[in-house]
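# Fold and geometry: a report
The residues making up each chain are set out below.
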Amino acid sequence: MPRLIRRVARTAVVAGTATAVSNRVSRRQAGRWAQQDEQAQASQQPSAPPTPPPAAPPPGPATAPVDEMNAKIDKLKELGELKAQGILSEEEFAAEKKKVLG
């Protein structure tokens, strides 16, 4: 029985030592690879040309027609409400609508 305990203990020590050594080697290798990656990235960054910022669309003409159209729609809604309330007659509504739409 003491021989069996001694063998089990010895096997546990050997296995534990092997695991510890294996883990240390793995960590050391991972550290080396990380350093190599950092060095490779550092050496590549200066040689790469800077990327230009994306070009912004020119302001102005694209928004003007939309704003103008929204203003016309709002004016037509107001005219429709005035007609519905009886403030504008059918003829007055048609004349104002013609002015707004051009």
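Residues numbered from 1 in each chain as written. Predicted model: local features only at pLDDT ≥ 70, side-chain atom pairs only at ≥ 80, totals over all residues. Heavy atoms only, no water.

### Describing the overall build of the protein chain
As a reminder, the rule being used: In DSSP terms, a helix is any run of H or I states spanning at least four residues, a strand is any run of E spanning at least two, and both are numbered starting from the N terminus. Burial status follows relative accessibility: with a 1.4 Å probe on protein chains alone, a residue under 20% of its type maximum counts as buried, one over 50% as exposed, and anything between as partly exposed. Using a 1.4 Å probe, the Shrake-Rupley method yields the accessible areas, and only the shown protein chains count as cover for residues.
Secondary structure assignment for the protein chain yields three helices and zero strands. With 102 residues in all, the protein chain has 4% of them scored as buried. Counting only carbon and sulfur atoms, one obtains 60% of the accessible surface of the protein chain, whose full area is about 9200 Å².

### A closer look at the pattern of salt bridges
Test applied: Take a side-chain nitrogen of Lys or Arg and a carboxyl oxygen of Asp or Glu: if they are within 4 Å of each other, that pair is a salt bridge.
Applying the stated criterion across every chain yields a total of three salt bridges. Note that Glu 68 is salt-bridged to Lys 72, the shortest N-O span being 3.8 Å. On the criterion of helical spacing, the pair formed by Glu 68 and Lys 72 is a turn pair, its members being four residues apart in helix 2 (residues 63-85). Classification of Glu 68 as partly exposed rests on a relative accessible area of 48%. According to the relative accessible area criterion, Lys 72 is partly exposed, its value standing at 25%. The shortest N-O distance in the salt bridge between Glu 90 and Lys 83 comes to 2.8 Å.

### Notes on the confidence of the model for the protein chain
Spelled out, the test is: Per-residue confidence from the predictor is reported as pLDDT, which spans 0 to 100.
Looking at the protein chain, pLDDT values average 81 and 83% of them are 70 or higher. The weakest mean pLDDT in the protein chain belongs to helix 1 (residues 2-47) at 83; the strongest belongs to helix 3 (residues 90-101) at 89.

### Here's the deal with a positive patch on the surface
What counts here: Patches were defined on residues exceeding 30% relative accessible area and lacking a salt bridge, with like-charge contacts within 9 Å and nonpolar side-chain contacts (Val, Leu, Ile, Met, Phe, Trp, Tyr) within 5 Å. Positive: Lys, Arg. Negative: Asp, Glu. His and the chain ends are not part of the count. Charge positions are represented by NZ for Lys, CZ for Arg, CG for Asp and CD for Glu.
Together, Arg 24, Arg 27, Arg 28 and Arg 32 give the surface a local cluster of positive charge. Position of Arg 32 relative to the elements: it lies in helix 1.

### So, helix 3
Residues spaced three or four apart along an α-helix point in a common direction, a consequence of the helix completing one turn every 3.6 residues. Threshold: To estimate how far a helix should reach, multiply one less than its number of residues by 1.5 Å.
Taking 1.5 Å of rise per residue, 12 residues should cover 16 Å, and helix 3 covers 16 Å from first to last C-alpha, within 8% of that figure. Of the residues flanking the end of helix 3, it is Gly 102, one or two places downstream, whose phi is positive at about 85 degrees.

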